[in-house]
Amino acid sequence: QVQLVESGGGLVQTGGSLRLSCAATGSFVNINAMGWYRQAPGSQRELVAFINSASDTNYADSVKGRFTISRDNAKNTATLQMNSLKPEDTAVYYCAAVNRESGGWDYWGQGTQVTVSS
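Since the structure is predicted, the reported quantities are computational estimates derived from the model, not experimental observations.

Thresholds applied
Residues numbered from 1 in each chain as written. Predicted model: local features only at pLDDT ≥ 70, side-chain atom pairs only at ≥ 80, totals over all residues. Heavy atoms only, no water. Helix = DSSP H or I, 4+ residues; strand = E, 2+ residues; numbered from the N terminus. Rg over C-alpha atoms; globule rule 2.2 N^0.38 Å. Contact = heavy atoms within 4.5 Å. Areas by Shrake-Rupley, 256 points an atom, 1.4 Å probe, with all protein chains shown as cover. Lys, Arg positive; Asp, Glu negative; His and termini not counted. Charge placed at Lys NZ, Arg CZ, Asp CG, Glu CD. Pairing = 2+ DSSP bridges. Axes fitted to C-alpha atoms, helices over the stretch in contact; angles between N-to-C directions. Buried < 20%, exposed > 50% of the residue type's maximum accessible area, 1.4 Å probe, protein only. Core = buried A, V, L, I, M, F, W, Y, C linked by side-chain atoms within 4.5 Å. Polar contact = N/O pair within 3.5 Å; in protein donor to acceptor, adjacent residues only side chain to side chain.

Engineer: A description of the overall build of the protein chain should follow, citing residues and the corresponding values.
Structural biologist: If you tally the helices and strands in the protein chain, you get zero helices and eleven strands. The helix and strand sequence of the protein chain, counted from the amino end, reads β-β-β-β-β-β-β-β-β-β-β. What you see for the protein chain is a C-alpha radius of gyration of 13 Å, in line with the 13 Å of a compact globule of 118 residues. Overall size of the protein chain, expressed as C-alpha extent along the three principal axes, is 40 × 25 × 20 Å. Of the contacts formed within the protein chain by residues at least 6 apart in sequence, a portion of 55% connects residues at least 24 apart. Of the roughly 5900 Å² that the protein chain leaves accessible, carbon and sulfur atoms contribute 46%. Considering the protein chain, the positive charge centre built from 9 side chains and the negative charge centre built from 9 side chains are found 5 Å apart.

Following this line, the structure appears as structure tokens:
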């Protein structure tokens, strides 16, 4: 099994920055891609960014150029650096990982709140 624990959320003003971290414990060899989802009140959960085992990255159009995802396989961590934050980035952010066997986003963290004030 894999457990994911996020940290780093909080309150920031428009234009500010936050750094989210995700620490994975357990059977890390079962993980392929890692990513960050977010869910705002009344909205569906959306994929913000992901990075695969080869460190290829992909971003939602809404965050391109502002967010950067990275991972450290030696430390079993993934990080989302968020710059130039906007009020519409306000959401609960979830770290997630793809199960290498199923190919699905099977592993989830508990979520961390990010609030951007205008």
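Let's pick the thread back up.
Engineer: Could you give an account of the sheet that holds strand β8 (residues 77–82), with specific residues and numbers?
Structural biologist: Pairing within the open sheet is antiparallel, and its four strands lie in the order β1-β3-β8-β7. With one partner strand each, in any of the chains shown, β1 (2–7) and β7 (67–72) form the two edges of the open sheet. Sheet twist, expressed as the mean angle between neighbouring strand axes with direction ignored, is 15 degrees. Here β1 runs beside strand β3 (residues 18–26); their pairing, made up of six bridges, is antiparallel. Residue pairing for β3: V2 is matched across the bridge by G26.

Engineer: An account of unusual backbone geometry is requested, with residue identities and associated values reported.
Structural biologist: The backbone phi angle of N76 is positive, close to 60 degrees, even though this residue is not glycine. Looking at the element boundaries, N76 is found in the loop between β7 and β8. Phi at S84 is positive, roughly 50 degrees, even though this residue is not glycine. We classify S84 as partly exposed; its relative accessible area is 40%.

Engineer: I'd like a description of the nonpolar core, backed by residues and values.
Structural biologist: Among the nonpolar cores identified, the biggest contains 30 residues, and L4, M34, L80, M82 and Y93 are the most heavily contacted of them. Listed by contribution, the elements that provide at least two residues to this core are β1, β3, β4 (31–39), β5 (46–51), β7, β8, β9 (91–99) and β11 (112–117). With residues near it in sequence (within four places) discarded, L80 still touches L18, R19, L20, W36, V48, A49, F67, T68, I69 and Y93.

Engineer: I'd like a rundown of the environment of Y37, residues and numbers included.
Structural biologist: Counting through the fold element by element, Y37 comes out in strand β4. According to the relative accessible area criterion, Y37 is buried, its value standing at 13%. In this structure the C-alpha to C-alpha distance between Y37 and L85, which are 48 residues apart in sequence, comes to 16 Å. Residues within four places of Y37 in sequence aside, it is in contact with R45, E46, L47, V48, V92, Y93, Y94, A96, W105 and W108. In this structure the side chain of Y37 is engaged in a polar contact, spanning 3.3 Å, whose partner is the side chain of W105.

Keep in mind these values describe shape, not function.
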